[in-house]
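Observations on the three-dimensional arrangement
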Amino acid sequence: MLGVFVGMANYWLMKSEPGEFSIDDLKARPSKTEPWDGVRNYQARNMMRDEMKPGDQVFFYHSACEEPGIVGVMKIAGKPYPDPTAFDPEDKHFDPKSDRDNPRWFLVDVKFVRKLKRTISLTELKEHDALAEMVLVRRGNRLSVMPVSESDWKYILALE
DNA sequence: GCCAACGTTGGC
DNA sequence: GCCAACGTTGGC
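Because the structure is predicted, anything quoted here is derived from the model rather than measured.

Before going further, it helps to examine the protein's contact with DNA strand C. As a structural note, the neighbourhood of DNA strand C is formed by Lys15, Tyr61, Ser63, Ala64, Pro68, Leu122, Lys126, Arg142 and Leu143. Each atom of DNA strand C within 4 Å of the protein belongs either to a base or to sugar and phosphate, the latter forming 83%. Within the side chain of Lys126, one N or O atom sits 3.0 Å away from a phosphate oxygen of DNA strand C. Tallied by class, the residues present in the surface near DNA strand C amount to five nonpolar, one polar and three charged.

If you walk through the whole model with that rule in mind, you get ten salt bridges. Glu34 serves as the salt-bridge partner of Arg29, at 2.6 Å between the closest nitrogen and oxygen. Judged by its relative accessible area of 32%, Arg29 falls in the partly exposed class.

The way to describe two aromatic rings as a pair is by their centre distance and the angle between their planes. Inspection of every chain in the model, using the stated rule, returns six aromatic pairs. On the numbers, 5.4 Å between centres and 80 degrees between planes, the contact of Trp36 with Phe60 is edge-to-face. Here Trp36 is found in the loop between strand 2 (33–35) and helix 2 (42–51), whereas its partner Phe60 is found in strand 3 (residues 57–62), with 24 residues between them in sequence. With respect to class, Trp36 is no different from Phe60; both count as buried. Measuring from centroid to centroid gives 4.7 Å for Tyr42 and Trp105, while their planes differ by 35 degrees, and the two rings are tilted. In this pair, Tyr42 is assigned in helix 2 and Trp105 in the loop between strand 5 (81–82) and strand 6 (106–107), connecting sequence segments 63 residues apart. A residue is classified by how much of its surface remains accessible, and Tyr42, at 41% relative accessible area, is partly exposed. For Trp105, a relative accessible area of 4% corresponds to the buried category. One cation-aromatic arrangement involves Arg49 over Phe106; the distance from NZ or CZ to the ring centre is 5.7 Å.

Take helix 4 (residues 150–159) next. Note that an α-helix has 3.6 residues per turn; residues three or four places apart therefore point the same way. Within helix 4, the full set of buried residues consists of Asp152, Trp153, Ile156 and Leu159. Axial view of helix 4: buried residues confined to an arc of 120 degrees, hence all on one face. For helix 4, the exposed residues set more than 90 degrees away from the buried face come down to Ser151 and Ala158.

Here we take up the protein's contact with DNA strand B. Tyr42, Gln43, Lys97, Arg139, Gly140 and Arg142 make up every residue found near DNA strand B. In the model, a base oxygen of DNA strand B is placed 2.7 Å from a nitrogen or oxygen of the Arg142 side chain. Residue classes in the surface near DNA strand B are distributed as one nonpolar, two polar and three charged.

Let's shift gears to the pairing of strand 1 (residues 11–16). Within strand 1, six of the six residues are buried, leaving the element largely enclosed by the surrounding structure. Of the two faces of strand 1, both are covered, the one formed by Tyr11, Leu13 and Lys15 as well as the one formed by Trp12, Met14 and Ser16. With six bridges connecting them, strand 1 and strand 3 associate as parallel partners. Bridge pairing in strand 3 links Leu13 to Phe59. Summarising the sheet, strand 1 and strand 8 (residues 145–147) pair through three bridges and their orientation is antiparallel. Its bridge partner lying in strand 8, Leu13 is registered against Met146.

Conventions we followed
- Residues numbered from 1 in each chain as written.
- Chains lettered and ligands numbered in written order.
- Predicted model: local features only at pLDDT ≥ 70, side-chain atom pairs only at ≥ 80, totals over all residues.
- Heavy atoms only, no water.
- Near = heavy atom within 4 Å.
- Polar contact = N/O pair within 3.5 Å; in protein donor to acceptor, adjacent residues only side chain to side chain.
- Nonpolar A, V, L, I, M, F, W, Y, C, P; charged D, E, K, R; others polar.
- Salt bridge = Lys/Arg side-chain N within 4 Å of Asp/Glu carboxyl O.
- Buried < 20%, exposed > 50% of the residue type's maximum accessible area, 1.4 Å probe, protein only.
- Phe/Tyr/Trp six-rings, centres within 6.5 Å; stacked < 30°, edge-to-face > 60°.
- Helix = DSSP H or I, 4+ residues; strand = E, 2+ residues; numbered from the N terminus.
- Lys NZ or Arg CZ within 6 Å of the ring centre and 35° of its normal.
- Arc of directions from axis to C-beta.
- Pairing = 2+ DSSP bridges.

All we've got here are geometric facts, nothing functional implied.
See below:
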């Protein structure tokens, strides 16, 4: 089902818990860029490694917080590369099965574009029949990285 | 904190 | 290859 979008999508959505890393944290970075590390799901990895291209636009989504929803826009800042946190035994995302000769996990750098004027909450997104096919609102989906169709992207920005 | 809906692991 | 047990995500 994801394959319908992947390959043609130039729009994405990426989740982060704001207590860990928020849109304001990204904005505050001197370079306004950040490596999107720690993703340990194969579908999400495959999208980052195989499908994302520099310049693609991304919704920043706050999850596991008071008001889950889309809070900003960022863009892919470079090509994918191996996630260095997988190699660090001290890191909470360390994976002994990933090594530098044969890396298992990949990431991309993302760059801040702008904050939305307001949070477009998950609750609100679910209220729009036009977005019913969106991966984000499909039942049971927990992917932290997902494609967004061009029509959904434009529809959501028009809600702002 | 609860729990549904996953994904992963490992015994067989 | 099956599937039970376990771990994680993330909304509520």
